[in-house]
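# Per-entry structural report
Okay, here's what each chain looks like letter by letter:
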Amino acid sequence: MKKELFGEVNGREVYLYTLENSHGMKVTVSSFGALIIRIWAPDHNGNFADVALGYDRLEQYLENGKFYGAAVAPNANRIGGAKFTLEGKTYELSVNDNGNNLHSHRALGGHKRIWDAEEKENGILFTMSMKDGELGFSGNRDFSVLYELTEENGLRITYDVVSDADTILNLTNHCYFNLDGHGAGQITDHELQLFSHAYTPADAKAIPNGDILRVEGTPMDFRTPHEVGERINDNFEQLIFGKGYDHTYILNKEDNELSYCARCSSPKTGIVMETYTTQPGVQLYTGNWMTGNF
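A separate point is the environment of Val272. Here Val272 shows up in strand β22 (residues 272-277). Along the sequence, Val272 and Ala41 sit 231 residues apart, while their C-alpha atoms lie 9.4 Å from each other. Each residue touching Val272, except ones within four places of it in the same chain, is listed here: Arg263, Cys264 and Ser265.

Structure (C-alpha cells):
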C-alpha cells in the first residue's frame, strides 16, 4: 500500500492510500471524506484506464457539490420535507434540495470530514463518529468504511455503524463511473443490465411516492441489456422528472443475501463492472445534473 500526503484541512493532514493487486489494478482513496479518488482498471488490450470520476486536488473536494467519490453518511439520497418522525419524535434536517434533505448535509456530512485511517492487509479502514442530534439525526454513532481490493479485480466496500439509539441510516459510496476512462465523455453507449423487476417512482423533486411499479413494457426495464442512452430521452414521465435515470430498483433477491445485482460494460474498452450487494435495492443515476468536462 502506498501512502502519500494529499494536503491539510484545518491544520489536519489528509492522506491518499493506494491499494494495488498483483494484476496491476489500483484504487486510491482519501482520509478526507473516505473518498474514492481513482480506480485504475485494465481494458481488453491490457491498458489501464481510471474509471472513477473525480478531482486532482484536495481543495476541489472541499466544495464537491456533486459528491464525487464520497462516502455519504449518515443518510444517502433524499428525505422529503427535510424531516422525519421516529418513535413519535420529529427530527428537522438541513433543507438543501428543493425543500428536501439530500445526502444528510452538503457541508458537514461524512464526505466533508476527515476520517481516521487504519491500514489493513489488503485494504484500508476509515472510521469517524457523530454525536446524538448531529446533523439532525438521533443516536451517538460510530461509522466505519472498509475498502478492500481483491485479487479478482474487485473492490469490496463494507459499512458498519454502531448507534446507541434507533436512527436513520442509509450509507453508500457516491462514485461516478465511466468505463472508457474519466476524460472520455458520455456513457450513453455503455451497456447496462439490472436484475430487477420493479422500481420506486418519484415525483418532480425526486421524492418516491411509496408506489412500486413493474419495469416491464417501460424504458425502465434493464432486465436484458440495453445501452444507457437507448431510451433515456423517451417521452416517459419518470425520465422527464429526473432528466434521465435517478431511481431505486428493487432487486430480485432474498433479504441480506449477497447478490449479483448489476452489470455494465463499455464497447470501446471492454471494461466490465459487475456489482454485488446485500441491500434490497440499487440506485441507478446517470449523472443527469452533472456539469463540467469529465
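What follows concerns the pattern of salt bridges. Overall, the coordinates contain 10 salt bridges when judged by the stated rule. Among the salt bridges present, the one from Arg78 reaches Asp246, with a minimum N-O distance of 3.7 Å. Linking Arg78 in strand β7 (residues 78-79) with Asp246 in strand β20 (residues 246-251), this pair joins segments that are 168 residues apart in sequence. Of the two residues, Arg78 and Asp246, both sit in the buried class. Among the ionic pairs, Arg113 bridges to Glu134, the shortest N-O distance being 2.8 Å. Remark: Glu134 occurs in the loop between β12 (123-130) and β13 (141-149) and Arg113 occurs in the loop between β10 (101-102) and β11 (116-119); sequence separation between them is 21 residues. Judged by its relative accessible area of 17%, Arg113 is buried.

This part takes up the side chain of His190. For His190, the position within the fold is in the loop between β15 (172-174) and β16 (191-194). Here the side chain of His190 touches Leu179 through a polar contact of 3.0 Å, landing on its backbone nitrogen. What His190 contacts, discounting residues up to four positions off in sequence, is Asn178, Leu179, Asp180, His226, Glu227, Val228, Cys264, Ser265, Ser266 and Pro267.

Reading across from one edge, β11-β12-β13-β14 is the order of the four strands in this open sheet, with antiparallel pairing throughout. The sheet terminates laterally at β11 and β14 (155-163), the two strands that pair on one side only. Each neighbouring strand pair of the sheet contributes to a mean axis angle of 20°, computed without reference to strand direction. Of the strand pairs in this sheet, β12 and β13 are connected by eight bridges, and their pairing is antiparallel. Along β13, the bridge assignment pairs Thr127 with Ser144.

Strand pairs in the sheet, formed through backbone hydrogen bonds, run parallel or antiparallel to each other. Strand order in this open sheet of five strands is β1-β2-β3-β4-β5, and the pairing throughout is antiparallel. Bordering the open sheet on either side are β1 (2-9) and β5 (48-50), each of which pairs with just one other strand. Direction aside, neighbouring strands of the sheet carry axes that sit 15° apart on average. When strand β3 (residues 26-30) meets strand β4 (residues 36-42), the two strands line up antiparallel, connected through four bridges. Within β4, the position partnered with Thr28 by the bridge is Arg38.

Hairpin connection of β3 to β4: five residues between the antiparallel strands, including Gly33 at a positive phi of 75°. Direction of pairing for β4 relative to β5: antiparallel, over a ladder of three bridges. Paired with Pro42 across the strands is Phe48, a residue of β5. A loop of five residues connects β4 with β5, the two strands running antiparallel in sequence, and Gly46 in this loop sits at a positive phi of about 85°.

A separate point is the pairing of strand β21 (residues 259-265). The buried fraction of β21 is high, at five of seven residues. As paired elements, β16 and β21 share four bridges and run antiparallel to each other. Residue pairing across strands places Glu191 opposite Ser265, the latter belonging to β21. Pairing of β21 with β22 involves six bridges; the strand directions are antiparallel. Looking at β22, one finds that Cys264 is bridged to Met273. Adjacent in sequence and paired antiparallel, β21 and β22 are bridged by six residues, among which Gly270 carries a positive phi angle near 75°.

Analysis parameters
Residues numbered from 1 in each chain as written. Predicted model: local features only at pLDDT ≥ 70, side-chain atom pairs only at ≥ 80, totals over all residues. Heavy atoms only, no water. Helix = DSSP H or I, 4+ residues; strand = E, 2+ residues; numbered from the N terminus. Contact = heavy atoms within 4.5 Å. Salt bridge = Lys/Arg side-chain N within 4 Å of Asp/Glu carboxyl O. Buried < 20%, exposed > 50% of the residue type's maximum accessible area, 1.4 Å probe, protein only. Polar contact = N/O pair within 3.5 Å; in protein donor to acceptor, adjacent residues only side chain to side chain. Pairing = 2+ DSSP bridges. Axes fitted to C-alpha atoms, helices over the stretch in contact; angles between N-to-C directions.

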